[in-house]
Amino acid sequence: IAYLQSLVHWDYQAFDFHPVLSRQDRMEAFELLKSLKSNESENDLVSLIEAETLLSAGEWNAAHEQFTVLLKNNSLNAREWFIRRNAGLAISAMKLGKLDLAQAAAKEIYDLESGWEGLQRLVAEIDADAGNVEGCQSLAAKLYESAAENPKVVSWYSELLKKIGQ
């Protein structure tokens, strides 16, 4: 489980919070998951890692279904798992155009860790998609000011401003 988690873990403290998996890494992750699920079908951590792997693979519907199931289960209430679960739910909902759900899930975790760059980026992107220009600008500017030396942040900030027409 630890190896698989290190392969597909989404780190919302970092600006580049999502892992970029090669096709080979993604195939390896799905094979490991298949093996783990056959041995530990009731393990919610394995289910969380599976949902994150589906998210990494762009399988928005399947990831969203998995995160929704995890949302109903109380065994993942430790702070880290709660953040990962809700962030995954927010991302999959955003990708599926379920922006009210995406905003609600993101707000719950942003209120816990508003200083995390990855969460600031996620909430700003959801706000942009939802047409909340003011909220998007405010968060994006905050992130830009704190990390303006990072070329990835500068590029992202510029693209986000174009997206919202600023």
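Described in the following lines is the structure provided in the data block. (Residues numbered from 1 in each chain as written. Predicted model: local features only at pLDDT ≥ 70, side-chain atom pairs only at ≥ 80, totals over all residues. Heavy atoms only, no water.)

1. Here we look at the overall build of the protein
Helix and strand content of the protein: nine helices and zero strands. In the protein, the order of α-helices and β-strands from amino to carboxyl end is α-α-α-α-α-α-α-α-α. Compactness check: the protein gives a C-alpha radius of gyration of 16 Å against a globular reference of 15 Å for 166 residues, within 12% of the reference. The C-alpha extent of the protein, read off along each of the three principal axes, is 50 × 30 × 25 Å. Sorting the 166 residues of the protein into buried and exposed places 46% on the buried side. (Helix = DSSP H or I, 4+ residues; strand = E, 2+ residues; numbered from the N terminus. Rg over C-alpha atoms; globule rule 2.2 N^0.38 Å. Buried < 20%, exposed > 50% of the residue type's maximum accessible area, 1.4 Å probe, protein only.)

2. Points about the packing of aromatic side chains
All told, the structure shown has one aromatic pair when counted by the stated rule. Centre to centre, the rings of Y144 and Y157 are 4.5 Å apart; their planes meet at 15°, and the pair counts as stacked. Here Y157 lies in helix α9 (residues 151-163) and Y144 lies in helix α8 (residues 133-146), a separation of 13 residues in the sequence. The exposure class of Y157 is buried, given its relative accessible area of 17%. (Phe/Tyr/Trp six-rings, centres within 6.5 Å; stacked < 30°, edge-to-face > 60°.)

3. Regarding the nonpolar core
Judged by nonpolar contacts, the single largest core of 44 residues is most densely connected at Y12, F67, I91, L122, I126, W156 and L160. Of all the secondary structure elements, the ones that give two or more residues to this core are α3 (44-56), α4 (60-71), α5 (79-95), α6 (99-110), α7 (117-130), α8 and α9. The element best represented in this core is α5, accounting for nine residues. A29, L33, L36 and I49 belong to the second largest nonpolar core, which has nine residues in total. (Core = buried A, V, L, I, M, F, W, Y, C linked by side-chain atoms within 4.5 Å.)

4. A word on the environment of Q166
Within the fold, Q166 resides in the segment after α9. Accessibility expressed as a relative area gives 52% for Q166, which makes it exposed. Once the C-alpha coordinates of Q166 and A140 are considered, the two residues, 26 residues apart in sequence, prove to be 12 Å apart. Other than its neighbours up to four places away in sequence, Q166 contacts V133, Q137 and L161. Among the polar contacts listed, one links the side chain of Q166 to the side chain of Q137, at a separation of 3.1 Å. (Contact = heavy atoms within 4.5 Å. Polar contact = N/O pair within 3.5 Å; in protein donor to acceptor, adjacent residues only side chain to side chain.)

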